[in-house]
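Below are the chains, spelled out letter by letter.
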Amino acid sequence: MSICARRLGSGLLGHSTRNVGRSGVRQVFGGAESTGSGSSSTTSWKLLGAMAGSGFVGGLALAGQVAFAEEFVIHPPALPWSHNGLFKSYNHESLRRGFQVYSQVCAACHSMEKTYWRQLIGVTHSDIELKALAAEHMYVDGPDDEGKMFERPGKLVDELPFPYPNNKAARAANNGALPPDLSHIVFARDGKEDYIFHLLTGYTDAPAGVKVMDGMHYHPYFGGNQIGMAKALYEGVMEYEDGTPATVSQMAKDVTEFLVWSCGE
């Protein structure tokens, strides 16, 4: 999920003072997950995802969304997030699924170096589960008594692993662009979680007469309308461990909610 073109690939990642840690996690069990207030449900997210990923984006512009004439950028509509509001909280199962999307899709290009394994205890997994997950990754440590660096399995005190050995390797693998760290990416972008969701689901064919440069992809929600990141979420890219259908809109919703949570840690 290489959010790495001009708008998401440059600039400072803002830090938030919003406190949305473990105390804000709500345990939800059972069938279809309610993702918003009132009667909002997973069905709403499926519909929004379908709308965002189709030619309906043009209809959104006509329906009151602001577009810049020079770039035809659509501002993302507000979505019914379950965590927004004075008495709202995070959905535990959604955060766990969001971590799975990050781990299996996004982490191939993006780091979350300001997020540590220990911070996920009681939020996405138990401490036993996280110890096992961290140990699957090797970290450089040291020096040892002989002054040499060495590798060891990950621990809860480690940050989530960086996908490349260094920034130069990251740029070399992404046509010169450095994929941003996602730890605080949501609060560093206009539109916040609404923008991230529509960025992930809003890929569409370029309008007639619009030329897309080599290696770029047309995107109506992205500044300049051309983004270097190919569509990362699609049907069949992964399966949720809890059996939830991994639709594009569901994956985008879950990983976005996980990224919102990370901004407050």
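What counts, and at which threshold
Residues numbered from 1 in each chain as written. Predicted model: local features only at pLDDT ≥ 70, side-chain atom pairs only at ≥ 80, totals over all residues. Heavy atoms only, no water. Helix = DSSP H or I, 4+ residues; strand = E, 2+ residues; numbered from the N terminus. Buried < 20%, exposed > 50% of the residue type's maximum accessible area, 1.4 Å probe, protein only. Contact = heavy atoms within 4.5 Å. Areas by Shrake-Rupley, 256 points an atom, 1.4 Å probe, with all protein chains shown as cover. Salt bridge = Lys/Arg side-chain N within 4 Å of Asp/Glu carboxyl O. Axes fitted to C-alpha atoms, helices over the stretch in contact; angles between N-to-C directions. Parallel < 35°, antiparallel > 145°, perpendicular 65-115°, else oblique. Nonpolar A, V, L, I, M, F, W, Y, C, P; charged D, E, K, R; others polar. Core = buried A, V, L, I, M, F, W, Y, C linked by side-chain atoms within 4.5 Å. pLDDT = per-residue confidence, 0-100. Expected span 1.5 Å × (residues − 1). Polar contact = N/O pair within 3.5 Å; in protein donor to acceptor, adjacent residues only side chain to side chain.

Enquirer: Would you mind going over the overall build of the protein in detail, with residue names and values included?
Expert: When you go through the protein residue by residue, the secondary structure sums to 8 helices and 6 strands. Ordered by position from the N terminus, the helices and strands of the protein form the series α-β-α-α-β-α-α-β-β-α-α-β-β-α. Expressed as a percentage of its 265 residues, the buried residues of the protein come to 46%. Within the protein, residue pairs in contact and separated by at least 24 positions form 70% of the contacts whose partners lie at least 6 positions apart. If you sum the accessible surface of the protein, you get close to 13000 Å²; carbon and sulfur atoms cover 54% of it.

Enquirer: Could you give me a rundown of the pattern of salt bridges, with the residues and numbers involved?
Expert: Going through the model one piece at a time under the given rule, you end up with 9 salt bridges. A salt bridge links E129 to R96; the nearest nitrogen and oxygen atoms lie 2.9 Å apart. Of this pair, E129 sits in helix 5 (residues 127-135) while R96 sits in helix 4 (residues 92-104), placing them 33 residues apart in sequence. Overall, the relative accessible area of 30% leaves E129 in the partly exposed class. For R96, a relative accessible area of 22% gives the class partly exposed. Two residues, R152 and D158, come together in a salt bridge whose shortest N-O distance is 2.8 Å. For D158, a relative accessible area of 7% translates into the label buried. Connected through salt bridges with shared partners, the residues R97, D242, K253, D254 and E257 form a single ionic network.

Enquirer: Provide a residue-level description of the environment of I74, including the pertinent values.
Expert: With respect to the helices and strands, the residue I74 is situated in the loop between helix 3 (56-62) and strand 2 (90-91). C-alpha separation for the pair I74 and Y195, spaced 121 residues apart in sequence, amounts to 10.0 Å.

Enquirer: Hey, could you go over the packing of helix 4 against helix 8 (residues 248-263) for me, with residue numbers and the actual values?
Expert: It is the contact of helix 4 with helix 8, at a shortest axis distance of 7 Å, that shows an interaxial angle of 100 degrees. On the basis of the axis angle, helix 4 is roughly perpendicular to helix 8. Between helix 4, through S94, L95, R97, G98, F99, V101 and Y102, and helix 8, the contact on the second element is made entirely by Q250, M251, K253, D254, V255, E257, F258 and W261. Here the contact of helix 4 with helix 8 is built from residues that sort into 8 nonpolar, 3 polar and 4 charged.

Enquirer: I'd like a description of the nonpolar core, backed by residues and values.
Expert: By size, the foremost hydrophobic cluster in this structure holds 45 residues, and its most contacted members are V101, Y102, W117, L120, V186, L233 and F258. Counting only elements with at least two residues in this core, the list comes to helix 4, helix 5, helix 7 (192-201) and helix 8. With 9 residues, the top contributor of residues to this core is helix 8. Sequence-distant contacts of W117, that is, excluding residues within four places in its chain, are made with F99, L130, L133, A134, H137, Y139, K155, L156, D158, E159, L160 and P161.

Enquirer: Any details on the confidence of the model for the protein? Residues and values, ideally.
Expert: For the protein, mean pLDDT is 79; residues scoring 70 or higher make up 73% of the total. Confidence scores differ between elements of the protein, with helix 1 (residues 6-9) showing the lowest mean pLDDT of 36 and helix 5 the highest of 98. When the criterion is pLDDT under 50, residues 1-41 qualifies, and its contacts beyond four places in sequence or with other chains add up to 121 contacts. A low-confidence stretch, residues 54-70 (pLDDT under 50), is modelled with 25 contacts involving residues beyond four sequence positions or located in other chains.

Enquirer: With reference to specific residues and values, describe helix 4.
Expert: With 13 residues, helix 4 should reach 18 Å at 1.5 Å per residue; the first-to-last C-alpha distance of 19 Å fits that figure. In terms of burial, helix 4 is largely enclosed, as 10 of its 13 residues are buried. Looking at helix 4, one finds that the buried residues are H92, E93, S94, L95, R97, G98, F99, Q100, V101 and Y102. Among the residues of helix 4, the N-terminal cap falls to N91, whose side-chain oxygen and the backbone nitrogen of E93 are separated by 2.9 Å.

Enquirer: Summarise helix 8; cite the residues concerned and give the values.
Expert: Helix length check: helix 8 (16 residues) gives 23 Å between terminal C-alpha atoms against 22 Å at 1.5 Å per residue, within 8%. With respect to burial, helix 8 is a largely interior element, 16 of its 16 residues being buried.

Enquirer: Go over unusual backbone geometry with me, naming the residues and quoting the values.
Expert: At the junction of G142 and P143, the peptide bond is cis and its omega measures out at 10 degrees in the coordinates. Inspection of the secondary structure puts P143 in the loop between strand 3 (138-141) and strand 4 (150-153). One non-glycine residue, N175, lies in positive phi territory at about 55 degrees. Mapped onto the secondary structure, N175 falls in the loop between helix 6 (167-173) and helix 7.

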